[in-house]
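# Architecture and fold: a report
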Amino acid sequence: MSGLGLETNQLVTGEAVPIDLRVARLGSRMIAGMVDLAIQTVAQIAIVIGTLEVVGPDDEAMLTALVLAVYVVTMLGYPVACETLLRGRTLGKMTLGLRVVRDDGGPIRFRHALVRGLIGVVAERPGVLAAVPAIISMTVSRRSKRLGDLVAGTIVLQVRVPRTVSVPPVVPPPLAGWAALLDLTGVDDDLAARTRRFLDRANQLSDDARTRMGGELLAEVLAAVTPPPPPGTPEWAVLSAVLAERTRRAYQRMIITTAARPPRYPGPRYPG
């Protein structure tokens, strides 16, 4: 993955969204949906009030038709327009860092947004079936697809995750003895940097991508160090231990070099 400095083949969308990113799950999509629903509700109220002030229909049938038309415009027009113009995002999705893409990773078009919007209005929006079909579909789907995604051939990705404090790699206690015996001469700066980037950003990747990239990186690291780790050691533990031990030794060398360097005293200063 180029973003992590890993040498892997990766399909990237037309909007530079890698499909190896984590699939958006039910929680984040529900929050994004609630943000969009709040915007749509405010828009409905504002449009209805504004229209009544201007038109002031006295006929009850006309008033019902007006409310229905406003509902369709906001509940269907808002997501379709946003996802078409904002490249797979609504305001709610932008807030949560989500984006809709095609199953092949490409950017969605108007027809994809329209299909998703129509399915949403007919079968998934609160007030119709209380979003139960969408929740069930996302729960049972391996890629967390709602009904609109299944019909339109789309998927929602988590393209941005909250920033977290980077935790320095550590040597797990069971690996302390093994790490102390490691020959790390084969671990160059490039491999160490790629290992650190992978550990820092692994939570942004899908499960499949994390397993694939981590496996490839682990193979490189194991080829560069001796002796091999104890059988059954988890992948993350090996990478973390190797990186932490390399960092510890580099820091130790720096301390020794600094201590061995003779102190520098300024020369005598004479009044000018």
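Under Subcellular location (unreviewed entry), UniProt gives the following word-for-word description of the protein: "Membrane".

### Structural notes on the overall build of the protein
Looking only at helices and strands, the protein has 10 helices and 2 strands in total. Going residue by residue from the N terminus, the α and β elements of the protein occur as α-α-α-β-α-α-α-β-α-α-α-α. Looking at the protein alone, contacts between residues at least 24 apart form 73% of all its contacts between residues at least 6 apart. Roughly 15800 Å² of accessible area belongs to the protein as shown, and the carbon and sulfur atoms make up 64% of that amount.

### Brief notes about the UniProt feature "transmembrane region" (unreviewed entry) in the protein
Residues given the UniProt feature "transmembrane region" (unreviewed entry) here are residues 30-49 and 61-81. Note that residues 30-49 is 100% helix and 0% strand, and that its end C-alpha atoms are spaced 28 Å apart. Annotated as residues 61-81, this span is 100% helix and 0% strand, and its ends, taken at the C-alpha atoms, are 28 Å apart.

### What to know about the side chain of Lys 93
Assignment of secondary structure puts Lys 93 in helix 3 (residues 91-96). Once you skip the residues sitting within four places of it in the chain, Lys 93 turns out to touch Ala 32, Asp 36, Glu 83, Gly 88, Leu 98, Val 100 and Arg 116.

### Here's the deal with the pattern of salt bridges
Under the definition given, this model contains 11 salt bridges. One salt bridge in this structure joins Arg 246 and Asp 189, with 2.7 Å as the shortest N-O distance. Of the two residues, Arg 246 sits in helix 10 (residues 235-260) while Asp 189 sits in helix 8 (residues 189-201), which places them 57 residues apart along the sequence. Owing to a relative accessible area of 23%, Arg 246 belongs among the partly exposed residues under this scheme. Between Arg 194 and Glu 220 there is a salt bridge, and its shortest N-O distance comes to 2.9 Å. Linking Arg 194 in helix 8 with Glu 220 in helix 9 (residues 207-224), this pair joins segments that are 26 residues apart in sequence.

### Describing the side chain of Thr 195
Within the element layout of this structure, Thr 195 appears in helix 8. Reaching out from Thr 195, the side chain makes a polar contact with the backbone oxygen of Leu 191 at a distance of 2.8 Å. If we skip the residues at most four places from it in the chain, Thr 195 touches Leu 217, Val 221, Leu 239 and Leu 243.

### Some remarks on empty space enclosed by the protein
For the coordinates displayed, the defined rule picks out 1 cavity of 30 Å³ or more. Looking at the largest cavity, its volume works out to about 40 Å³. In this structure, the largest cavity is lined by Val 187, Ala 192, Thr 195, Val 221, Leu 239, Val 242 and Leu 243. Put simply, the parts of the chain that give the lining of the largest cavity at least two residues each are helix 8 and helix 10. Among the elements that line the lining of the largest cavity, the one with the most residues is helix 10, at 3 residues. For the lining of the largest cavity, the per-class residue count stands at 6 nonpolar, 1 polar and no charged.

### Some remarks on a nonpolar patch on the surface
A contiguous nonpolar patch, built from Met 30, Ile 31 and Met 34 and spanning about 290 Å² of accessible area, is present on the exposed surface. Take Met 30: it is sitting in helix 1 (residues 26-54). According to the relative accessible area criterion, Met 30 is partly exposed, its value standing at 39%.

### With respect to the environment of Ser 28
Looking at where Ser 28 falls in the secondary structure, it is placed in helix 1. In this structure Ser 28 comes out as buried when scored by relative accessible area, which is 15%. Put simply, Ser 28 and Gln 158 are 130 residues apart on the chain and 8.7 Å apart in space, counted from C-alpha to C-alpha. If we skip the residues at most four places from it in the chain, Ser 28 touches Leu 96, Leu 98 and Gln 158.

The rules behind these values
- Residues numbered from 1 in each chain as written.
- Predicted model: local features only at pLDDT ≥ 70, side-chain atom pairs only at ≥ 80, totals over all residues.
- Heavy atoms only, no water.
- UniProt positions renumbered as here; feature names shortened; annotations may be inferred.
- Helix = DSSP H or I, 4+ residues; strand = E, 2+ residues; numbered from the N terminus.
- Contact = heavy atoms within 4.5 Å.
- Areas by Shrake-Rupley, 256 points an atom, 1.4 Å probe, with all protein chains shown as cover.
- Salt bridge = Lys/Arg side-chain N within 4 Å of Asp/Glu carboxyl O.
- Buried < 20%, exposed > 50% of the residue type's maximum accessible area, 1.4 Å probe, protein only.
- Polar contact = N/O pair within 3.5 Å; in protein donor to acceptor, adjacent residues only side chain to side chain.
- 1 Å grid on protein atoms, 1.4 Å probe; cavity = no way out; pocket = protein on both sides within 12 Å on 5 of 7 lines; lining within 4 Å.
- Points joined across faces, edges and corners; volume = space filled by probe spheres on them.
- Nonpolar A, V, L, I, M, F, W, Y, C, P; charged D, E, K, R; others polar.
- Patch = residues over 30% accessible without salt bridge, like charges linked within 9 Å, V, L, I, M, F, W, Y side chains within 5 Å.

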